[in-house]
Amino acid sequence: MLLQTTDPELAKSLNSELKRQQEGLEMIPSENYVSKYVLEALGSILTNKYSEGFPDQRYYGGNQFIDEIEKLAKERAKKLFGVDHANIQPYSGSPANQAAIFALCNPGDTIMGMHLFYGGHLTHGWKVNFSAKYYRSIQYTTGSDGLLDYDQIETLVKKERPKVLFCGATAYPRLYDYPRLAKIIHEVDGYFIADIAHESGLIAAGVIPSPVGYADIITTTTHKTLRGPRGGMILCNGKPSHPLAPLKKGENPREHLPTLIDRAVFPGLQGGPHNHQTAAIAVTLGEALQPSFKIYAEQILKNAKSLADALIDKGFELVTNGTDNHLMLINTTKKGLTGKEAELALDKAGITVNKNTIPFDERSPYDPSGIRLGTPALTTRGMKEKEMEQIAIWISEVFDHSNDEKVLAHIREQVKATTDQFPIYKEIEY
Ligand code: DSN
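From a predicted model like this one, the values you see are computed outputs, not experimental measurements. (Residues numbered from 1 in each chain as written. Predicted model: local features only at pLDDT ≥ 70, side-chain atom pairs only at ≥ 80, totals over all residues. Heavy atoms only, no water.)

All right, on to the pairing of strand β5 (residues 110–114) then. Most of β5 is tucked away: 5 of the 5 residues are buried. As judged from the 5 bridges shared by β5 and strand β6 (residues 136–140), these two strands associate in the parallel manner. Bridge assignment links I111 to a residue of β6, and that residue is S137. Here β5 pairs with strand β7 (residues 164–167) via 2 bridges, running parallel. (Buried < 20%, exposed > 50% of the residue type's maximum accessible area, 1.4 Å probe, protein only. Helix = DSSP H or I, 4+ residues; strand = E, 2+ residues; numbered from the N terminus. Pairing = 2+ DSSP bridges.)

In structure tokens form, the structure reads like this:
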């Protein structure tokens, strides 16, 4: 039975969103299309169950099958990333970071992360976020070339001696020097948290370097390049002693990271895990363990390079002049549009991106100087380099005719003709 027979008002919005996802070019680099099996698990009866605690240590009865599911998800996460311990209960990426900080720091301790306007994340110490309200936050920036300035980070770490150093970003198109960052923070006896939310699919597939072996704790979302449901995970090495028991006096926290993480997630921050989400993460991790996922991840990178090259050929200025991962940032002001204007004009042409600050931006985040775009979702549809070159042509046309509704509508028709050739969710209707 379809939702439209019982709730046509809601079904109308769902079907419109389905059409938008099918007919447009989804280029927000943190978004993707999950498989129908992930959707099946997400829409399952598992949402009915309370399961506070961890497998074999629950505060509710009737959890024997939930335990099986959570253990499966954890085992798959450990195998995929090559770590000893995985907590797959964080509701999403921000709660995962909150738990990682909560596991290691006391209120007032110093944490350090990349400045939001240079590509960093709110939870890495941005001033309005809990991470700067409850902890002392020091932020690092990029150099004028848009690249991380490791000497600046080292100098700041030596001066401020943070307990936690974050790396990871929402808008950084290059790779990280994990060994160097680990060395810098370990010299002051701090902890290194690598937030791989954006790149976790690429890291799982082995197509870019992994922070495993360097970072003390790794946090990630599950819904970006990893192509799963909205969710989060925290990974580390070491064995949990008893997740629900506090450390004994004199125990070295560094040797008990799994326990500290588990306790921070529950009972520290969250209530019952979202079991339907856990099952969907298990499906996702199972898919990411297949050889075909590596081919997918390789194609994300090839598509990103191809798109970046084609945009540069069309005269666009890209932050750091290109990309090593799945995303890129265009300085739109060099082509006469603010980020907000560019986002709006591209939207009218059926191309979804998001406005974004660029390093040393003089404009506000509400109308910044750039846009951020990426290739994970297009690659899921099966698009390759040829399509990326065509998309660069459309993006260029949109910039040249941003106020011409007729041109934008014409591009939108061409976009639809292309997306029709790469269908998605054909069997779905609400
Ligand atoms: N909202 C995510 C992104 O788009 O990158 C970060 O949390």
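Continuing now.
Here the focus is the packing of helix α5 (residues 93–104) against helix α10 (residues 257–269). At a minimum axis distance of 8 Å, the contact between α5 and α10 shows a crossing angle of 115 degrees. The two elements α5 and α10 meet at a crossing, and its hand is right-handed. Taking contact as the criterion, the partners of Q98, A99, F102, A103 and L104 in α5 are, on α10, L257, L260, I261, A264, V265, G268 and L269. (Axes fitted to C-alpha atoms, helices over the stretch in contact; angles between N-to-C directions. Left-handed = near helix turned anticlockwise from the far one by under 90°. Contact = heavy atoms within 4.5 Å.)

The omega angle of the peptide bond from F266 to P267 is 10 degrees, so this bond is cis rather than trans. Here P267 is to be found in helix α10. Not every positive phi belongs to a glycine, and R227 is a case in point at roughly 65 degrees. Topologically, R227 is positioned in the loop between β9 (217–221) and β10 (232–236). Here T320, not a glycine, exhibits a phi torsion of approximately 65 degrees, which is positive. Along the chain, T320 turns up in the loop between α12 (291–313) and β11 (327–331).

Turning our attention to the sheet that holds strand β14 (residues 370–374). If you walk across this open sheet you meet the 3 strands as β11-β14-β13, and the pairing is antiparallel. The open sheet terminates on both sides in strands that have one partner only, identified here as β11 and β13 (354–356). Ignoring strand direction, the axes of neighbouring strands in this sheet form an average angle of 35 degrees. In the sheet, β11 pairs with β14 via 5 bridges, with the strands oriented antiparallel. For I330, the partnering residue across the bridge sits in β14 and is I371. Helix-sheet contacts for α12 involve β11 and β14, and the interaxial angle to β11 is about 15 degrees. Taken strand by strand, helix α13 (residues 339–348) contacts β13 and β14, and its axis lies near 45 degrees from that of β14.

So, on to the site of the ligand. The environment of the ligand is made up of S30, H121, T170, H198, K224 and R372. Contacts to the ligand include H198, whose side-chain N or O atom sits 2.7 Å from an oxygen atom. The class makeup of the residues in the shell around the ligand is no nonpolar, 4 polar and 2 charged. (Near = heavy atom within 4 Å. Polar contact = N/O pair within 3.5 Å; in protein donor to acceptor, adjacent residues only side chain to side chain. Nonpolar A, V, L, I, M, F, W, Y, C, P; charged D, E, K, R; others polar.)

What follows deals with empty space enclosed by the protein. Inspection of the entire model under this criterion finds 1 cavity of 30 Å³ or more. Counted as a void, the largest cavity has a volume near 40 Å³. In this structure, the largest cavity is lined by L175, Y176, Y178, E199, I208 and P209. For the lining of the largest cavity, a count of residues per class yields 5 nonpolar, no polar and 1 charged. (1 Å grid on protein atoms, 1.4 Å probe; cavity = no way out; pocket = protein on both sides within 12 Å on 5 of 7 lines; lining within 4 Å. Points joined across faces, edges and corners; volume = space filled by probe spheres on them.)

So, on to the packing of aromatic side chains. Considering all chains together, one arrives at 10 aromatic pairs under this definition. With centroids separated by 5.0 Å and ring planes inclined at 80 degrees, the aromatic side chains of F316 and F399 adopt a geometry described as edge-to-face. Note that F316 is positioned in the loop between α12 and β11 and F399 in helix α15 (residues 385–400), a separation of 83 residues in sequence. Across this residue pair, the class does not change: F316 and F399 are buried. Linked through ring pairs, Y172, Y176 and Y178 together constitute an aromatic cluster. Positioned above the aromatic ring of Y191, the side-chain terminus of R254 is 4.2 Å from the ring centre. One cation-aromatic arrangement involves K335 over F316; the distance from NZ or CZ to the ring centre is 4.6 Å. (Phe/Tyr/Trp six-rings, centres within 6.5 Å; stacked < 30°, edge-to-face > 60°. Lys NZ or Arg CZ within 6 Å of the ring centre and 35° of its normal.)

Taken together, the 7 strands give an open sheet; going across it, the order is β4-β10-β9-β8-β7-β5-β6, and neighbouring strands pair in mixed fashion. Each end of this open sheet is capped by a strand with a single partner; those strands are β4 (85–87) and β6. Direction aside, neighbouring strands of the sheet carry axes that sit 20 degrees apart on average. Sitting on the sheet, helix α4 (residues 64–81) touches β4 and β10, and the angle it makes with β4 is about 125 degrees. Against the sheet, α5 touches β5, β7, β8 (191–195), β9 and β10, its axis set at about 160 degrees to β9.

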